Amino acid sequence: MKVASRILCTTVFILTFFSAVAAKPIRHYVFFGMDRESIPQAKGFLETPAFEGAQVSYSWRQLEQGKGNYDFSLIREDLAFMNAHGKRLWILITDVAFSDLCLSPVAIRRA
């Protein structure tokens, strides 16, 4: 019984040790939502190394100006700004909102 107990304890220790070693570090992103214009003024965010980057939402309507006509300039602009400050950009593309704001492209709404 003692041998089985030791084997069990050793196995639990080894699994716990290796799972802790293999765990990836936690990364923190600040959620700006659709308020991307406020990022340059967010000095606390830009100057804090603990923040990996920003999470920004873009509406599908902003990116697809017309059927098959895409404009990713907002994302490119934000990505360049983040890179210049050593930060990452996590993007969300939304097509619905819980407000009167319509986020889907005109071509989709007509379908």
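Preceding this section is the structure that the text describes.
None of these values were measured; they are calculated from a predicted model.

## Examining the overall build of the protein
Check the secondary structure of the protein and you find five helices and five strands. Put simply, the protein runs from its N terminus to its C terminus through helices and strands in the order α-β-α-β-α-β-β-α-β-α. The 111 residues of the protein split such that 23% are buried. With the model as given, the accessible surface of the protein reaches about 8,400 Å², and the carbon-plus-sulfur share is 62%.

## Remarks on the pattern of salt bridges
Working definition: two side chains of opposite charge can pair if their charged atoms are close together. For the coordinates displayed, the defined rule picks out five salt bridges. A salt bridge links Arg27 to Glu52; the nearest nitrogen and oxygen atoms lie 3.4 Å apart. With Arg27 in the loop between helix H1 (2–22) and strand S1 (28–33) and Glu52 in strand S2 (residues 51–59), the pair connects residues that are 25 residues apart, well separated along the chain. On the basis of relative accessible area, Arg27 is assigned to the partly exposed category, the value being 47%. Its salt-bridge partner being Asp78, residue Arg36 comes within 2.8 Å of it at the nearest N-O pair.

## Some words on the sheet that holds S1
Ordered in space as S1-S2-S5, the three strands form an open sheet in which the pairing is parallel. The sheet is open, and its two borders are formed by S1 and strand S5 (88–94), each paired with just one other strand. The sheet shows a mean angle of 25° between the axes of neighbouring strands, direction not considered. Two strands pair when backbone bridges link them, and S2 and S5 are joined in this way by seven bridges, in the parallel orientation. Bridge assignment links Gln55 to a residue of S5, and that residue is Trp90.

Definitions and limits used
What you see as residue numbers is a count from 1 along each chain, following the sequence as written. Predicted model: local features are reported for residues with pLDDT of at least 70 only, side-chain atom pairs are reported and counted for 80 or more only, and whole-chain, interface and lining totals are derived from all residues. The side-chain figures draw on all heavy atoms in the structure; neither hydrogens nor water molecules are used. Secondary structure follows DSSP: runs of H or I at least 4 residues long count as helices, runs of E at least 2 residues long count as strands, and numbering of each begins at the N terminus. Three exposure classes are used, based on accessible area relative to the maximum for each residue type with a 1.4 Å probe and protein chains only: buried under 20%, partly exposed in between, and exposed over 50%. We get accessible surface area from the Shrake-Rupley algorithm with a probe of 1.4 Å; when it comes to residues, only the shown protein chains can shield them. Salt bridges are defined by distance alone: a side-chain nitrogen of Lys or Arg within 4 Å of a carboxyl oxygen of Asp or Glu. Paired strands are those between which DSSP finds at least two bridges. Axes here refer to lines fitted to C-alpha atoms; in helices the fit is confined to the stretch in contact. Angles between the N-to-C directions go from 0 to 180 degrees.

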